[in-house]
Amino acid sequence: TEEGSVAEEMDYTITGIDPGAGIMESAEQAFEDYDLDEWELQSSSEAAMIAELEEAIDNEEPIVVTGWGPHWKFNSHDLKFLDDPDLSFGEPEDIHKLAREGLQEDSPEAYEILDNFEWTVEDMEEIMDDLNEGVDEIEAAQNWIDENEDQVSGWTESVDDVEGETIELVHTDWIDLLASVNVMALVLEDIGYDVEMTLVEASHMYTAIANGDADAMTGAWLPRTHGTYYEQIEDEVDDLGPHLEGKAAIGLVVPEYMDIDSIEDLEV
Ligand code: PBE
């Protein structure tokens, strides 16, 4: 079939990201749900996936990647999610903030700011577009804060300044987390905290909060993408709710010029 030859051109390979990403678990589920036995899910990293995607686009070649939004790639390229009638990748979901148990008593000011923190896809995209253009993480977050002072005051106005206190944030290097964690770090520094940020793998983000090794994180994709991680520690953390509600989505993503619209079209 025609689909068969396009699949051959892609070596029956779907370009994934790091093995610890929730999107990889859902992609494995899609392989089962849609009987993609001939296909292989290749793990790499967000950066390597983007490099392969951009190379394919430059050459107008077919490619299927594990993709998600909010992410700047949808602003820079004409891309589409493949339909997922079996919901292997779930429904659009939230991005939550999680704190360690006891943070509310120990650092009520930080807790309240994290609790208040919420924004929109457009807010996140402003920062992620800057990051894609090579702007430094802290500068990109500071630019956004400078342009959104009213919104930020809404998170901090009821909170007193602190002195000599430390807050430890954990994060991965997925770009949406870089946006949210850097904004939170700067806002917490602004009211007086010393903020320590530690880059870890996804699984360690969850265990660090559960063990109390870190105070908080801003990148829990729930209920689905990080459901497996979350279920293991949900009784040992404090869920502060979403900073982005109902607008986080994962799936298989292809360039618009490709002739397929559904994951079902990958069956050969
Ligand atoms: N992501 C971005 C992550 C969550 C944030 C979709 C790549 C994941 O799949 O776990």
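As recorded in an unreviewed UniProt entry, the chain goes by the name Glycine/betaine ABC transporter, listed as coming from Salicibibacter cibarius. The record in UniProt for the chain states the following under Subcellular location (unreviewed entry): "Cell membrane".

A. Here's a closer look at the site of the ligand. Taken together, the neighbourhood of the ligand is formed by 13 residues, with A21, G22, I23, W68 and W174 sitting nearest. Elements supplying a minimum of two residues to the shell around the ligand: helix 2 (22-33) and strand 8 (216-222). Both domains that furnish three or more residues to the shell around the ligand are identified here as domain 1 (2-91 + 250-266) and domain 2 (93-248).

B. Examining the nonpolar core more closely. Within the largest apolar cluster, 77 residues are counted, with the highest numbers of intra-cluster contacts made by L169 and I209. Ranked by the residues each element gives to this core, the list is headed by helix 10 (residues 175-190), at ten residues. Inspection of this core shows a minimum of three residues originating in each of domain 1 (2-91 + 250-266) and domain 2 (93-248). Once residues lying within four places of it in the same chain are set aside, the contact partners of L169 are V181, M184, A185, V195, M197, A214, D215, A216 and M217.

C. Representation of helix 8 (residues 137-147) in the model. Taken together, the buried positions of helix 8 are occupied by A140, A141 and W144. Each buried residue of helix 8 lies within a common arc of 95 degrees when the element is viewed along its axis, so the set occupies one face. Away from the buried face of helix 8 by more than 90 degrees, exposed residues E139 and D146 are located. Packing partners of the buried residues in helix 8 comprise helix 7 (121-132) and helix 10.

D. Region of interest: the UniProt feature "domain: ABC-type glycine betaine transport system substrate-binding" (unreviewed entry) in the chain. UniProt's feature table lists "domain: ABC-type glycine betaine transport system substrate-binding" (unreviewed entry) at residues 5-147 and 166-267, given in the numbering used throughout. Spanning residues 5-147, this segment combines 49% helix with 15% strand, and its end C-alpha atoms are found 49 Å apart. Secondary structure across residues 166-267 divides into 32% helix and 37% strand, with the first and last C-alpha atoms of the span separated by 52 Å.

E. Structural detail: the UniProt feature "coiled-coil region" (unreviewed entry) in the chain. UniProt marks residues 114-141 with the feature "coiled-coil region" (unreviewed entry), using the numbering shown here. The straight-line gap between the two end C-alpha atoms of residues 114-141 is 16 Å; of that span, 71% is helix and 0% is strand.

F. Local environment of the pairing of strand 7 (residues 194-199). The pairing of strand 6 (residues 166-171) with strand 7 spans six bridges and is classified as parallel. Residue pairing in the sheet places H171 in a bridge with L199 of strand 7. With respect to chirality, the unit in which strand 6 leads through helix 10 into the neighbouring parallel strand 7 is right-handed.

G. Focus on the domain arrangement of the chain. Its domain assignment divides the chain into domain 1 (2-91 + 250-266) and domain 2 (93-248). Each side of the interface is counted separately: domain 1 has 15 residues, and domain 2 has 20 residues. In terms of residues, the side of domain 1 that touches domain 2 owes the most to one element, helix 2, which gives four residues. Tallied by class, residues from the side of domain 1 that touches domain 2 come to five nonpolar, seven polar and three charged.

H. Looking closely at the pairing of strand 8. Burial runs high along strand 8: seven of the seven residues are buried. With five bridges joining them, strand 5 (residues 93-100) and strand 8 adopt antiparallel strand pairing. Residue pairing across strands places D94 opposite L222, the latter belonging to strand 8.

I. Representation of the packing of helix 7 against helix 10. Here helix 7 crosses helix 10 at 110 degrees, and the two axes come no closer than 9 Å. Accordingly, the angle class assigned to the pair helix 7 and helix 10 is roughly perpendicular. With respect to the hand of their crossing, helix 7 and helix 10 are arranged in right-handed fashion. Taken together, the residues of helix 10 that come into contact with helix 7 (itself represented by M124, I127, M128 and L131) are I175, D176, L178 and A179. Across the contact of helix 7 with helix 10, the residue classes break down as seven nonpolar, no polar and one charged.

J. Spotlight on unusual backbone geometry. For the peptide bond that leads from G69 to P70, omega is 10 degrees, which places it in the cis range. Relative to the assigned elements, P70 resides in the loop between strand 3 (65-69) and helix 4 (73-76). A positive phi angle, close to 50 degrees, is found at D35, a residue other than glycine. The topology assignment puts D35 in the loop between helix 2 and strand 2 (40-42). Taking the C-beta count within 10 Å as the criterion, D35 has 12 such neighbours and is therefore assigned exposed.

Analysis parameters
- Residues numbered from 1 in each chain as written.
- Predicted model: local features only at pLDDT ≥ 70, side-chain atom pairs only at ≥ 80, totals over all residues.
- UniProt positions renumbered as here; feature names shortened; annotations may be inferred.
- Near = placed C-beta within 6 Å.
- Helix = DSSP H or I, 4+ residues; strand = E, 2+ residues; numbered from the N terminus.
- Domains from an automatic or database assignment.
- Core = buried A, V, L, I, M, F, W, Y, C linked by C-beta atoms within 7 Å.
- Buried ≥ 20, exposed ≤ 12 C-beta atoms within 10 Å, placed from the backbone.
- Contact = placed C-beta atoms within 7 Å.
- Arc of directions from axis to C-beta.
- Pairing = 2+ DSSP bridges.
- Right-handed = clockwise from strand over helix to strand, strands pointing away.
- Nonpolar A, V, L, I, M, F, W, Y, C, P; charged D, E, K, R; others polar.
- Axes fitted to C-alpha atoms, helices over the stretch in contact; angles between N-to-C directions.
- Parallel < 35°, antiparallel > 145°, perpendicular 65-115°, else oblique.
- Left-handed = near helix turned anticlockwise from the far one by under 90°.

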